[in-house]
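# Fold and contact review
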Amino acid sequence: MGRLIARRLLTAIPTLLAIIILSFVLMRIAPGGPFDGERPLAPEVRAALEAAYGLDKSLSEQVWMYLGRLAHGDFGPSMVYRDFTVSGLIAEALPVSLLIGGCALMLAAVLGISIGLWAALRAGKWQDEALMLGATLLTALPTFVTGPLLALVFGLWLGWLPVSGQNDGLSWLILPVIALALPVTGAVAKLARAGLAGELGADHIRAARARGIAPLTILRRHALRPALVPVASYLGPAAAALLTGAVVIETVFGLPGMGRYFVQGALNRDYPLVLGVVTLYAALIILFNLFADLIYGWLDPRMREG
Amino acid sequence: MKPALIIVALIALAALLVPPLLPYDHIAIDWDSVRAGLFTDGHLLGTDDLGRDRLARLLVGTRVTVSVALAAALVALVIGVTWGAIAGWVGGRTDELMMRIVDGLYALPFMFVVILLMVVFGRSILLVFLGIGFVEWLTMARVVRGQVIALKQRPFVLAAEAAGSPARATLLRHILPNVAGVAVAYLMLTVPQVVMIESFLSFLGLGVQEPLTSLGILVNEGAEEMDMHPAALLLPGGVLVALIACLTIAGERFRDRLADAAK
């Protein structure tokens, strides 16, 4: 297992490098820069600013400098939010995004797996059909439609929950988390159903059934763990979906998370901020994929690597 | 599969055929009835805060969303089929390398790269679908590669090779036609994905730009006035969800039917 982790972390390095360099180059060949405001700056001021942030050097030198600083865990200064470092901005915003994303992931996993398992146990019956149709409908619900809709119904019409910003309690979390979790729930339910339905048809399950072992015991002891392998494989994409969904959810519900910084940063040409967010998200997604592989091994020992 | 396809066809037909019949187009401003309610004379769905006909905007927005989705899905189809067919056909180290690249790309936060692209290169509609197409070809490549590898072992392909058919002819005449079914199934599943991404970008103001409109833009506008005008959010949102759901259902049924037929 240690070897698996080590190898995966090593292969993650070129992937991360590729995405950093790609984003870096994309940002720089774009027209406009962080110092273009309403009023053009005096040429000397502009030159001084660019020199201060290293923008006067060649592109390859800049990439090299950036990577060097990154290796020390330094994301550099923000070019638009003066006096703020990117690390500082991220440190403030990341907990909000992680809280929303983490809650949504848990809700989607619990709800999705329950729906999927129930449907698989009723495979071929109308409950199965109805649940799977429902799951497909859930996957078709974009967060930017459900977000405003939930805010309208539960916030404005019923007045039960806050629709904008944070408050002291945790009630501000409920609507964003639900909107974010719905499509992921549908996807998890479909995967869990397919996994368990396939597993229940396998020979060793039929053998166990033939020996007269109680259905619930079969489910718990033999079928459940391997049936969840497809769900685990979805962890990486789910993390990516939640992170992107959060961009919209944070905008809709006015929450100070990473997504807003990303879009604002890209529009303002705040190079270090955008690069910081992209790098962090790429690392998170790679980490989630690794995590998924570790869960595979636990769920299905055949997939453990020696 | 059928009811889902019928709903999609109805939406597409309405978006194509109805706008020319309406008294107003999607950018015409009717100064006499700004913010008209539902079922107002001449404006079936009322007008928005600029006095533009909501029905015309909804239909034109649907049309733009569907065309961008089709174009992007075709880009994904071309790249995915080419990539997957070459990897599967050539095999060996080339295959290994090409599929490693696909695996690597899967791990990237691609939505963010697309957002970057949109911000960076202005927001032309051409770029919207090229960008989305470049993101969505990965699954297609994987599926096509698997199919090509399976086909390579089939007797009729071996027979063609034994009879001296050149590689190019075998690939074009015997392999690709048999990949078509699966490719179409995944094309059908790619379209709703692209609809989702396009609306997402347009919602953030990074996709389709005014005076053109799209379902994402309409949902965004609707969200801003939903307390006064719930229909402004519900209608484009509803059409969007119906499109995505029906396309997904139809695509999945088609894919499952192909898989059953292959057994």
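Residues numbered from 1 in each chain as written. Chains lettered and ligands numbered in written order. Predicted model: local features only at pLDDT ≥ 70, side-chain atom pairs only at ≥ 80, totals over all residues.

### Topic: the overall build of chain A
In terms of helices and strands, chain A carries 13 helices and zero strands. Dimensions along the principal axes, computed over C-alpha positions, put chain A at roughly 85 × 55 × 30 Å. Here chain A, with 306 residues, has 41% of them falling under the buried criterion. Partitioning the contacts of chain A with sequence separation of at least 6, the portion at a separation of at least 24 is 74%. (Helix = DSSP H or I, 4+ residues; strand = E, 2+ residues; numbered from the N terminus. Buried ≥ 20, exposed ≤ 12 C-beta atoms within 10 Å, placed from the backbone. Contact = placed C-beta atoms within 7 Å.)

### Focus: the overall build of chain B
The helix and strand inventory of chain B stands at 10 helices and zero strands. Along the three orthogonal principal directions, the C-alpha set of chain B runs to about 75 × 40 × 25 Å. Evaluated residue by residue, chain B yields a buried proportion of 48% over its 263 residues. Taking all contacts inside chain B whose residues are at least 6 apart in sequence as the whole, residues at least 24 apart take part in 68%.

### Thoughts on helix α9 (residues 215-224) of chain B
Among the 10 residues in α9 of chain B, nine count as buried, and that is most of the element. Restricting attention to buried positions, one finds in α9 of chain B the residues L215, G216, I217, L218, V219, N220, E221, G222 and A223 of chain B. Among the structural elements, α6 (143-157) and α11 (235-252) of chain A together with α2 (54-90), α8 (167-203) and α10 (230-262) of chain B are those in contact with the buried residues of α9 of chain B.

### Examining the packing of α11 of chain A against helix α13 (residues 271-299) of chain A
Residue and element names in this part refer to chain A. For the pair α11 and α13, the least separation of the axes is 7 Å and the interaxial angle reads 150°. Judged by the inter-axis angle, α11 sits roughly antiparallel to α13. Crossing of α11 over α13 shows right-handed handedness. Together, L235, G236, A239, A240 and L243 of α11 and Y281, L284, I285, F288, N289, F291 and A292 of α13 make up the contact between the two elements. When the residues that make up the contact of α11 with α13 are grouped by side-chain class, the tally is 10 nonpolar, two polar and no charged. (Axes fitted to C-alpha atoms, helices over the stretch in contact; angles between N-to-C directions. Parallel < 35°, antiparallel > 145°, perpendicular 65-115°, else oblique. Left-handed = near helix turned anticlockwise from the far one by under 90°. Nonpolar A, V, L, I, M, F, W, Y, C, P; charged D, E, K, R; others polar.)

### Topic: the packing of helix α1 (residues 2-17) of chain B against α10 of chain B
Residues and elements named next belong to chain B. The geometry of α1 relative to α10 is characterised by a closest axis approach of 8 Å and an angle of 140° between their N-to-C directions. On the basis of the axis angle, α1 is oblique to α10. Once α1 is placed against α10, the crossing between them reads as left-handed. Contacts between α1 and α10 involve A4, L5, I7, V8 and I11 on the former and, on the latter, V239, A242, L243, C246, L247, I249 and A250. Broken down by class, the residue content of the contact of α1 with α10 amounts to 12 nonpolar, no polar and no charged.

### Concerning the interface of chain B and chain A
With 30 residues of chain B at the contact, the number on the chain A side is 34 residues. Elements with a minimum of two residues in the side of chain B that touches chain A: α4 (110-120), α8, α9 and α10 of chain B. Tallying contributions element by element places α10 of chain B first for the side of chain B that touches chain A, with nine residues. Of the residues contributing to the side of chain B that touches chain A, the split by class is 25 nonpolar, four polar and one charged.

### Remarks on the confidence of the model for chain B
Residues and elements named next belong to chain B. For chain B, the average pLDDT comes to 82, and 93% of its residues sit at 70 or higher. No element of chain B has a lower mean pLDDT than α4, which averages 72, and none a higher one than α2, which averages 89. Overall fold confidence for the complex sits at a pTM of 0.82, while the interface term, ipTM, reaches 0.78. (pLDDT = per-residue confidence, 0-100.)

### With respect to the nonpolar core
Judged by nonpolar contacts, the single largest core of 170 residues is most densely connected at V188 and L242 of chain A together with I115 and M140 of chain B. The element contributing the most residues to this core is α8 of chain B, with 18 residues. Leave out the neighbours within four places in its chain, and V188 of chain A touches A108, A109, G112, I113, G116, V231 and Y234 of chain A. (Core = buried A, V, L, I, M, F, W, Y, C linked by C-beta atoms within 7 Å.)

### With respect to the environment of P230 of chain A
Residue and element names in this part refer to chain A. Following the sequence through the fold, P230 ends up in helix α10 (residues 229-233). For P230, a count of 19 C-beta atoms within 10 Å corresponds to the partly exposed category. Between the alpha carbons of P230 and G73 there is a distance of 35 Å; along the sequence they are 157 residues apart.

### So, the environment of D95 of chain B
Counting through the fold element by element, D95 of chain B comes out in helix α3 (residues 92-106). Excluding its chain neighbours within four sequence positions, the residues that come into contact with D95 of chain B are A87, G88 and V90 of chain B.

### Topic: the environment of A151 of chain A
Residue and element names in this part refer to chain A. Relative to the assigned elements, A151 resides in helix α6. The buried category is assigned to A151, around which 24 C-beta atoms lie within 10 Å. Sequence-wise, A151 and L182 are 31 residues apart; in three dimensions their C-alpha atoms are separated by 15 Å.

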